[in-house]
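One letter stands for each residue in the lines below.
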Amino acid sequence: MSKPSILVARAIFPKVLDKLAQHFNVEANADDRDWAPHELARRLQGKVGALTTGGQRIDAALLATCPQLCIVANMAVGYNNFDLDAMTAAGVQGTNTPDVLTETTADFGFSLLMAAARRITESEHFLRGGRWTQWRYDMFAGAEIHGSRLGIIGMGRIGQGIARRGAHGFGMEVQYHNRSRLPDALEAECKARYVSKDELLRTSDHVVLVLPYTPEAHHTIGARELALMQPTATLVNIARGGIVDDVALAAALRERRIAAAGLDVFEGEPRVHPDLLALHNVVLTPHIASATVRTRQAMANLAADNLIAFFDGRGALTPVNHPPLLRRQESA
Ligand code: 8YV
């Protein structure tokens, strides 16, 4: 029997490609180019599976042109690049990579918080610029981390990881807002108190955003929300671009209506709004919260294993939808 054909839409670890090649005819993206939608659709012709990252949009228009496609395995925990309703309606399985990146991403969220609140990159630029000539009592004096009040919006696995770090490692008072409250036992373990979004914004020293992107979550933090925050507060976004109104945030940072921000994700990334690039009180990183070698390997392997398990007939390992009728896998 011939192997099913799949597309790997971006470069991944050669070992993972080798593993996939044992099970599939693989078309890879050797040059790691970001394919335009029409090119992605062209390359998906005749493919029954695809391994994507967050950058490839899988929607009704694309699915209509790829009737053989049965499964799309995203190498990311977030899957807002999927139109899930369209995939479910078309009988296409979607999968993501939860759990394997939780602690790594929580580490990074905490790093970004500390870098922004303690003005680490800003002071490094000052030093490298040759401007450090003497000590001064208030030089780069930032905000306290330990013992301060941490607000987390989005209390899934990564949010809980950040809460644990804050509460147990830094003695922070943790409060959170989420679509639904956590069970009591989990709240107790994270030492986290549920509050409304506005109360969280008004009373937190630091706010970390870890909620999934949905149309309803668009601009969860805009001018109104920024106006509620304290002038000494830090805002960290490791969720998705579009959760924050970047223009409103740049204005708030410029006018010192909040003290600092740490951003790993941006509206329209990899483009970053020039207003943000012009500011010193924001730490900017290129969507790397899950980027440790071990975690990226685990993510790539889990995405690959989803494809392998699905075509072995074992079912996807970490599905994000449950189509009532899956497209026929024998179409391979
Ligand atoms: C990915 C992420 O690296 O998992 C996610 O949702 O945002 C990152 O870990 C990125 O989406 C590329 O796939």
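Report follows, based on the coordinates. Keep in mind that this is a model prediction, so the values were computed, not measured. (Residues numbered from 1 in each chain as written. Predicted model: local features only at pLDDT ≥ 70, side-chain atom pairs only at ≥ 80, totals over all residues. Heavy atoms only, no water.)

Points about the sheet that holds strand S3 (residues 49–52)
Sheet architecture is open: five strands sit in the order S2-S1-S3-S4-S5, paired in parallel fashion. Of all strands in the sheet, those bounded by a partner on one side alone are strand S2 (25–27) and strand S5 (93–95). When strand polarity is set aside, the average angle formed by the axes of neighbouring strands in this sheet is 15°. As judged from the three bridges shared by strand S4 (residues 71–74) and S5, these two strands associate in the parallel manner. When the sheet's bridge partners are listed, Ala-73 is paired in S5 with Thr-95. Contacting strand S1 (5–8), S3, S4 and S5, helix H13 (residues 293–312) crosses the sheet at an angle of about 160° to S4. (Pairing = 2+ DSSP bridges. Helix = DSSP H or I, 4+ residues; strand = E, 2+ residues; numbered from the N terminus. Axes fitted to C-alpha atoms, helices over the stretch in contact; angles between N-to-C directions. Contact = heavy atoms within 4.5 Å.)

Thoughts on the packing of helix H1 (residues 14–23) against H13
Between H1 and H13, whose axes approach to 10 Å, the crossing angle comes to 5°. One finds that H1 runs roughly parallel with respect to H13. Each of Val-16, Lys-19, Leu-20 and His-23 in H1 lies in contact with H13, whose residues at this interface are Ala-300, Asn-301, Ala-304, Asp-305, Leu-307 and Ile-308. Of the residues in the contact of H1 with H13, the class split is six nonpolar, two polar and two charged. (Parallel < 35°, antiparallel > 145°, perpendicular 65-115°, else oblique. Nonpolar A, V, L, I, M, F, W, Y, C, P; charged D, E, K, R; others polar.)

With respect to the site of the ligand
Inspection of the region around the ligand gives Thr-53, Gly-54, Met-75, Ala-76, Val-77, Gly-78, Leu-101, Arg-240, His-287, Ser-290, Arg-296 and Met-299 as its neighbouring residues. Gly-54 places a polar main-chain atom, nitrogen or oxygen, 3.3 Å from an oxygen atom of the ligand. At 2.6 Å, a side-chain N or O of His-287 approaches an oxygen atom of the ligand. In the complex, 84% of the free accessible area of the ligand, which totals 330 Å², lies under the protein chains. For the shell around the ligand, the per-class residue count stands at five nonpolar, five polar and two charged. (Near = heavy atom within 4 Å. Polar contact = N/O pair within 3.5 Å; in protein donor to acceptor, adjacent residues only side chain to side chain. Areas by Shrake-Rupley, 256 points an atom, 1.4 Å probe, with all protein chains shown as cover.)

What about the pairing of S3?
Residues Gly-49 and Leu-51 line one face of S3 and the alternating positions Ala-50 and Thr-52 line the opposite face, and both faces are buried. Note that S1 and S3 share three bridges and pair parallel. Across the sheet, the residue bridging to Ile-6 is Gly-49, located in S3. Here S3 runs beside S4; their pairing, made up of four bridges, is parallel. Looking across to S4, one finds that Leu-51 is bridged to Ala-73. (Buried < 20%, exposed > 50% of the residue type's maximum accessible area, 1.4 Å probe, protein only.)

So, helix H7 (residues 157–170)
Owing to its 3.6 residues per turn, the α-helix brings residues three or four apart onto one side. With 14 residues, H7 extends 19 Å between its outermost C-alpha atoms, agreeing within 8% with the 20 Å of an ideal straight helix rising 1.5 Å per residue. Residues Ile-158, Gly-159, Gln-160, Gly-161, Ile-162, Ala-163, Arg-165, Gly-166 and Ala-167 constitute the buried set of H7. Against helix H5 (102–117), strand S6 (149–153), strand S7 (173–177), helix H8 (184–190) and strand S9 (206–209) lie the buried residues of H7. Once H7 finishes, Gly-171 follows within two positions and takes phi at roughly 55°, a positive value. (Expected span 1.5 Å × (residues − 1).)

A short note on the pairing of S1
As defined by bridge partners, S1 adjoins S2 across three bridges and the pair is classed as parallel. The residue of S2 that forms the bridge with Ser-5 is Asn-25. The handedness of the S1 to S2 crossover, carried by H1, is right-handed. (Right-handed = clockwise from strand over helix to strand, strands pointing away.)

Things to note about the environment of Asn-80
Its place among the elements puts Asn-80 in the loop between S4 and helix H4 (84–89). Take Asn-80: its relative accessible area is 30%, and that puts it in the partly exposed class. The spatial distance from the C-alpha of Asn-80 to the C-alpha of Ala-167 is 30 Å, given a sequence separation of 87 residues. Side-chain polar atoms of Asn-80 contact the side chain of Arg-240, separated by 2.8 Å.

Digging into the packing of aromatic side chains
Two descriptors summarise a pair of aromatic rings, namely the distance from one centre to the other and the angle between the planes of the rings. Summed over the entire model, instances satisfying the criterion amount to six aromatic pairs. Centroid distance Phe-24 to Phe-311: 5.5 Å. Interplanar angle 75°. Geometry classified as edge-to-face. Of the two residues, Phe-24 is situated in the loop between H1 and S2 and Phe-311 in helix H13; the sequence distance between them amounts to 287 residues. In terms of burial, Phe-24 and Phe-311 fall into one category: buried. Relative to Phe-311, the ring of Phe-310 has its centre 5.1 Å away and its plane inclined at 90°; by these criteria the two rings are edge-to-face. (Phe/Tyr/Trp six-rings, centres within 6.5 Å; stacked < 30°, edge-to-face > 60°.)

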